[in-house]
Amino acid sequence: MVTISSFVTPDDCLLAIVIGAAEDLPEEGRYAALIGLAGEFQVPVVSIFVQHAEADRDVNEQPGALVLCSHYADPLGDESILQAVNGHNRRKLILAGKASEGSVTIMALSALARGFDVHVLEDVCQGSSDHVHAIAMNRLAQAGTVLMTALQLRMEWTAFDKRLQTASAAAR
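The rules behind these values
- Residues numbered from 1 in each chain as written.
- Predicted model: local features only at pLDDT ≥ 70, side-chain atom pairs only at ≥ 80, totals over all residues.
- Heavy atoms only, no water.
- Salt bridge = Lys/Arg side-chain N within 4 Å of Asp/Glu carboxyl O.
- Helix = DSSP H or I, 4+ residues; strand = E, 2+ residues; numbered from the N terminus.
- Buried < 20%, exposed > 50% of the residue type's maximum accessible area, 1.4 Å probe, protein only.
- Contact = heavy atoms within 4.5 Å.
- Core = buried A, V, L, I, M, F, W, Y, C linked by side-chain atoms within 4.5 Å.
- Pairing = 2+ DSSP bridges.

A. Examining the pattern of salt bridges more closely. Counted by the stated rule, this structure contains two salt bridges. Between Arg154 and Glu40 there is a salt bridge, with the nearest N and O atoms lying 3.5 Å from each other. Of this pair, Arg154 sits in helix α6 (residues 150–171) while Glu40 is found in helix α1 (residues 32–40), placing the two residues 114 residues apart along the sequence. Among the residues examined, Arg154 registers a relative accessible area of 32% and is labelled partly exposed. Arg114 serves as the salt-bridge partner of Asp74, at 3.6 Å between the closest nitrogen and oxygen. In this pair, Asp74 sits in the loop between β3 (65–70) and α3 (79–86) while Arg114 sits in the loop between α4 (100–113) and β5 (117–125), placing the two residues 40 residues apart along the sequence.

The structure is reproduced here in structure tokens:
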């Protein structure tokens with residue numbers, strides 16, 4: 001039976017975009033639509049650059065995206081980033097990033113260890129090859145993350161939003 005708790009609801013989500021030190025900065029526009037989607041549903045966004053001196057212009061210029069830099073391989077090991085993530089008081093972490101086998105994997109495993117419900121947007125992550133990406137996604141699924149696509153996320157947030165609107169109209 002599908003219940004409202006089966007949905008990934010925007011009111012309990014935080015979107016984290018993580019880019020690691022050895023990774024090239026993402027091509028312009030890669031995350032703009034995802035950040036826009038989060039804004040549409042009032043989901044906070046934290047962009048984390050691991051050991052980067054400068055943040056990606058595409059992410060940095062998006063309204064509503066808090067851009068942080070970390071000098072730790074595990075961004076949640078950085079107290080300021082952990083506080084920023086915990087400060088939103090949301091237990092579902094939606095992850096996207098450039099290297100599925102690197103920064104995305106480390107962030108996801110660290111978040112799981114800290115009790116977060118972790119969802120990885122498989123189509124908004126990229127590995128050094130398709131094969132490496134598939135292995136990383138398999139590892140994350142085995143560890144307990146939920147793999148989904150950005151379209152699935154949009155559909156679930158939209159379905160939840162419509163349920164709220166229907167319930168609000170019925171209560172009047």
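Once you've had a look at it, read on.
B. Region of interest: the environment of Ala96. In this fold, Ala96 is placed in strand β4 (residues 92–97). Ala96 sits in the buried class, given a relative accessible area of 0%. In this structure, Ala96 is in contact with Ala16, Ile17, Val18, Tyr31, Leu34, Val104, Val124 and Cys125, ignoring residues within four places of it in sequence.

C. Representation of the nonpolar core. The biggest cluster of nonpolar side chains holds 24 residues, and the ones touching the most others in it are Leu93, Leu95, Met107 and Val120. Within the second largest apolar cluster, 22 residues are counted, among which are Cys13, Phe41, Val124 and Trp157.

D. Region of interest: the environment of Thr9. Looking at the element boundaries, Thr9 is found in the segment before β1 (13–19). Sequence separation between Thr9 and Asp161 is 152 residues, and the spatial gap between their C-alpha atoms is 8.3 Å.

E. Just the pairing of β1, in detail. The buried fraction of β1 is high, at seven of seven residues. When β1 meets strand β2 (residues 45–50), the two strands line up parallel, connected through five bridges. By the bridge assignment for β2, Ile19 is matched with Phe49.

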